[in-house]
Structure formats: structure tokens, C-alpha cells
Amino acid sequence: MKTMELPQRDERNSTQGDVVHLPLGLLGFEQVKNYSLLTKPDEEPFMWFQMDNAPHKAFLVISPFLPFPEYQPDLSAADVEFLGLTAPQDALLLTIVTLKREGGAVINLKGPIVINQRTLIGKQVIPNNACDYALNHPLPVS
Amino acid sequence: MLVLSRKLGESIVIDGRIRVKIVRLEGDIVKLGIEAPSEVPVHRQEIYEEIQKSNQEAAADQSVKVPRLSFAAKATPAP
């Protein structure tokens, strides 16, 4: 399934504070199944994907389309089925940001988090075309 | 590690619900067909490890200072 038609996320429909269920967890964090998606006004467009069992631990996330409008992850049929996606606009895409110790930031375009906005079920997917994208795509930050 | 010999077209079954079939042999490449329930994640090991490592590096404390996107910063003129 191509996701290029995905609209920009509508802030009026913000899922702020919603609990997202990841039945498989994130890779390397398989035991953590529930996350809260939080926004803080002074940190936008970044958001926090916060572990429910360890509230101080979180992933900084951002929509991949904001820094990288041409991003077109091709989701496998198995992932589309797993997430119960019936229309591209059901999917909210987030990429995980790594803040580098030496300064700067990168986003992981190989393993985006896809959330079904109707059911709030999510998964970290590896798109069919993951080889076209970088694990450490530089993010222009200051 | 359990080592089994299989011919082209033959399969193994794991836990009664995961089927791994030898689909094709091309030189030193073996193509595997994997049938597994949707709750069983299947990944190439190297990409799995890469993303796992990236996630572990990304896990942060929310007290960290969040940077600003530079192109967003450009929209606001410096005082």
C-alpha cells in the first residue's frame, strides 16, 4: 500500500494524550505495548511517544512528511491487514528521532511507526522499500 | 542449533503454526517462503538488529532539550 497520498496530520484532530496500543511493541522494546502520544506547545512539531509503564522514558517523534515531504513508505499487505487500515487517511505516520550526543538529530525512515487513527493500534513497520531510506536521515535542527 | 536438511519445495513447521518453505535456490541465495500468524513478526536479522539498536539509542528522557527544526526557525526572524 502506497502512503504517498497521506494528508498532513490535522492538528484540530490531535490525538494528544491518546493511548496507542502496539501489540508487538517497538523493536528492542517488545515488552512495552502501550504508549501515550503527547505534544507540548513549545516543542512542536516534535511529539513524545511515552512508555506507559515508565513515564520518564519516551521516544521523540515527528511526522516524516514535515522534514521529508517526498517520503513514500510502501507498507506490506500483511502490515496493512495487521493494522486494519482501510484508507490511507486512517494512518498516522511517525518517525523516531535520535538526538545525537554531539548535537544534531536524525530520524529513522527505515522503521516508521504507523498508527491506525480510528483504532489507535500501531506497529513499527519495515516498509517494502525500506532499503531506499536511511536509518539515520539527518534532520535540520538548531 | 538444530540443523535440518531440506530439498527445494520442502518445508519445516514450527510450533504447528509457522511454515518455512524452500522456494528457490539461486547460486548461494536461498529464497524462503514464510507463513506465520500476523502476531508473529518476521524480519531479516540484520535490519531487525539495526532498527532495534536505533530504537535503543533513541529512547530518551523527556527532560532533554528538544531542538527546533531549522527551517521552522527561519520562519521566525531573530530578535
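The text that follows walks through the structure, step by step, so that each part is easy to find. (Residues numbered from 1 in each chain as written. Chains lettered and ligands numbered in written order. Predicted model: local features only at pLDDT ≥ 70, side-chain atom pairs only at ≥ 80, totals over all residues. Heavy atoms only, no water.)

1. Observations concerning the overall build of chain B
Thinking step 1. A tally of regular secondary structure across chain B gives two helices and four strands.
Thinking step 2. Of the regular secondary structure in chain B, the N- to C-terminal order runs β-β-β-α-β-α.
Thinking step 3. Burial analysis of chain B (79 residues in total) assigns 20% to the buried set.
Thinking step 4. Within chain B, counting contacts between residues at least 6 apart in sequence, those at least 24 apart form 0% of the total.
Thinking step 5. Approximately 6,300 Å² of chain B is accessible, and the part contributed by carbon and sulfur atoms is 54%. (Helix = DSSP H or I, 4+ residues; strand = E, 2+ residues; numbered from the N terminus. Buried < 20%, exposed > 50% of the residue type's maximum accessible area, 1.4 Å probe, protein only. Contact = heavy atoms within 4.5 Å. Areas by Shrake-Rupley, 256 points an atom, 1.4 Å probe, with all protein chains shown as cover.)

2. Examining the overall build of chain A
Thinking step 1. Looking only at helices and strands, one finds one helix and nine strands in chain A.
Thinking step 2. Contacts in chain A between residues at least 24 apart in sequence constitute 55% of all its contacts with a sequence separation of at least 6.
Thinking step 3. With an accessible surface of roughly 6,200 Å², chain A has 52% of that area assigned to carbon and sulfur atoms.

3. A few points about the interface of chain B and chain A
Thinking step 1. In this assembly, 27 residues from chain B lie in contact with 41 residues from chain A.
Thinking step 2. When chain B packs against chain A, the two sides together hide about 3,000 Å² of surface, and 62% of this comes from carbon and sulfur.
Thinking step 3. In this structure, the connection of chain B to chain A is made through one salt bridge.
Thinking step 4. A salt bridge links Lys100 of chain A to Glu57 of chain B; its shortest N-O distance comes to 2.9 Å.
Thinking step 5. The interface formed by chain B and chain A contains nine residue pairs in polar contact (both at pLDDT 80 or more).
Thinking step 6. Elements supplying a minimum of two residues to the side of chain B that touches chain A: α1 (45-58), β4 (60-61) and α2 (70-75) of chain B.
Thinking step 7. Looking at the side of chain B that touches chain A element by element, the count peaks at 10 residues for α1 of chain B.
Thinking step 8. Of the residues contributing to the side of chain B that touches chain A, the split by class is 13 nonpolar, eight polar and six charged. (Buried area = accessible area lost by both parts, 1.4 Å probe. Salt bridge = Lys/Arg side-chain N within 4 Å of Asp/Glu carboxyl O. Polar contact = N/O pair within 3.5 Å; in protein donor to acceptor, adjacent residues only side chain to side chain. Nonpolar A, V, L, I, M, F, W, Y, C, P; charged D, E, K, R; others polar.)

4. Some thoughts on the pairing of strand β8 (residues 121-124) of chain A
Residue and element names in this part refer to chain A.
Thinking step 1. Pairing of strand β7 (residues 113-116) with β8, which is carried by four bridges, proceeds in the antiparallel orientation. Pairing of Ile113 across the sheet is with Gln124, part of β8.
Thinking step 2. Following β7, the chain reverses through four residues before pairing antiparallel with β8; Leu120 in that reversal takes a positive phi of roughly 60 degrees. (Pairing = 2+ DSSP bridges.)

5. A look at a nonpolar patch on the surface
All names here are of chain B.
Thinking step 1. Together, Leu8, Leu25, Val30, Leu32, Ile34 and Val42 line one region of the surface with nonpolar side chains, adding up to about 540 Å² of accessible area.
Thinking step 2. Broken down by element, the nonpolar patch gets its largest block of residues, three residues, from strand β3 (residues 29-35).
Thinking step 3. Relative to the helices and strands, Leu25 is located in strand β2 (residues 18-26). (Patch = residues over 30% accessible without salt bridge, like charges linked within 9 Å, V, L, I, M, F, W, Y side chains within 5 Å.)

6. Re the packing of aromatic side chains
Residues and elements named next belong to chain A.
Thinking step 1. Using the criterion set out here, one finds seven aromatic pairs over all chains in the structure.
Thinking step 2. A ring pair is formed by Phe68 and Tyr133, whose centres lie 6.1 Å apart and whose planes are at 80 degrees; its orientation type is edge-to-face. Note that Phe68 is positioned in the loop between β4 (57-62) and α1 (77-83) and Tyr133 in the loop between β8 and β9 (137-139), a separation of 65 residues in sequence. The pair formed by Phe68 and Tyr133 is uniform in burial state, with each residue classed as buried. (Phe/Tyr/Trp six-rings, centres within 6.5 Å; stacked < 30°, edge-to-face > 60°.)

7. Side note on unusual backbone geometry
Thinking step 1. Along the chain, Glu44 of chain A connects to Pro45 of chain A via a cis peptide bond; the corresponding omega equals 10 degrees.
Thinking step 2. In this structure, Pro45 of chain A sits in the loop between β2 (34-38) and β3 (47-51).
Thinking step 3. Its identity as a non-glycine residue notwithstanding, Leu120 of chain A has a phi of 60 degrees, on the positive side.
Thinking step 4. One can find Leu120 of chain A in the loop between β7 and β8.
Thinking step 5. At Asp15 of chain B, a position not held by glycine, the phi torsion is positive, near 60 degrees.
Thinking step 6. Among the structural elements, Asp15 of chain B can be located in the loop between β1 (11-14) and β2.

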